[in-house]
Amino acid sequence: MTTEAILKHVHVRAPGKINVFLKVGEVMDDGYHDVATAYQAISLYEDVHAYPADDFSVSFSGSVDVSGVPTDTSNLAIRAAKALARRTGYRGGVRLEIEKHVPVAGGMGGGSADAAATLLACDALWGTECSRDDLLALAARLGADVPFALLGGTAVGTGRGDQLSSALAKGQFEWVLALADFGMSTPQVYQELDAHRARHILDISPSGRQPTVDAAVLQALRAGDAHLLGEVLHNDLQAAALQLRPVLGEVLEFGDSQGALGSLVSGSGPTIAFLAADTDDAVELQVTLASYGLKVIRAHGPVHGARIVSQS
């Protein structure tokens, strides 16, 4: 195993994601939940630049507010680099420069994309030649969404969301994303979901321990049918996110009234994803939402997972 970096710079790009469907099972004895989700990678990317170094460091820039992103050893990209070094016996380090375009703490897997891109970048930079399966195994230990950021496209996730199987998806889906000026804690949203279910135990059907993705969701993705997908978008975490941040409900209602085919809170929130019929409708919805005073961006999916853009 090499202990010297062969390359001087590697640039890897990895996508954010939308959970077009997310079912959450009962809380387990270890405090976690099994989930069933349909992921779609979208054209909103994180760009990771890796350079040889004696130790491990990370810095951030980009089109989103990065002021709250940690740069110490708790950062997921740093953890990814160190995990790969341990796995391969590599004795050096890496300097990471990350351009972020996925909202921070926005429910779109930006940190997971950073970690996935870092694994791929460091493997190339260090010449450690890990197999795809090795990288996916490391990714799964880092977080539930990290393996999908490596895989990209469209996939069904079960277990913690990290047990992936590719799903067929035809054509292209157009999304308009309403961004919040605040983030949300994933553990807090899950805790609120548990509390919400306890409060409404007589009104809510038992969630079960092994949820599944509805067949209608997979049918809509296979057919490339945006109208059908808009009817079956679902997120069990949405009620909890709205309880914590009621303003999100107003945004959902407004977007739906302006012609979106469907909408949902993305992951644990607070980003809201609106599905449009086509590019023209997406542009029109973007303009309308922006006039309402919201920060909005357009994206499409599915797109590929983490890929090397350049190396030298």
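Figured I'd write up the structure that's included with this text. These numbers were taken from a predicted model, which means no experiment stands behind them.

The rules we used
Residues numbered from 1 in each chain as written. Predicted model: local features only at pLDDT ≥ 70, side-chain atom pairs only at ≥ 80, totals over all residues. Heavy atoms only, no water. Helix = DSSP H or I, 4+ residues; strand = E, 2+ residues; numbered from the N terminus. Buried < 20%, exposed > 50% of the residue type's maximum accessible area, 1.4 Å probe, protein only. Pairing = 2+ DSSP bridges. Axes fitted to C-alpha atoms, helices over the stretch in contact; angles between N-to-C directions.

With omega at 10°, the peptide bond leading from Gly 269 into Pro 270 counts as cis. Within the secondary structure, Pro 270 is located in the loop between strand S9 (262-265) and strand S10 (272-276). With a phi angle near 55°, Ala 105 is a residue other than glycine that sits in the positive phi range. By the element assignment, Ala 105 lies in the loop between strand S4 (93-100) and helix H2 (110-126). A positive phi angle, close to 55°, is found at Glu 129, a residue other than glycine. Structurally, the position occupied by Glu 129 is in the loop between H2 and helix H3 (132-142). For Glu 129, a relative accessible area of 71% puts it in the exposed group.

With that out of the way, let us pick up the sheet that holds S9. Hydrogen bonding along the main chain pairs the strands of a sheet, whether they run parallel or antiparallel. With antiparallel pairing, four strands are arranged side by side in an open sheet as S9-S10-S7-S11. Either end of the sheet is taken by a strand with one partner, and the two such strands are S9 and strand S11 (295-301). Across this sheet, the average inter-strand angle for adjacent strands is 25°, counted without regard to direction. Two elements, strand S7 (residues 173-179) and S10, share five bridges in a ladder whose sense is antiparallel. Among the inter-strand pairings, Leu 177 is bridged to a residue of S10, identified as Ala 273.

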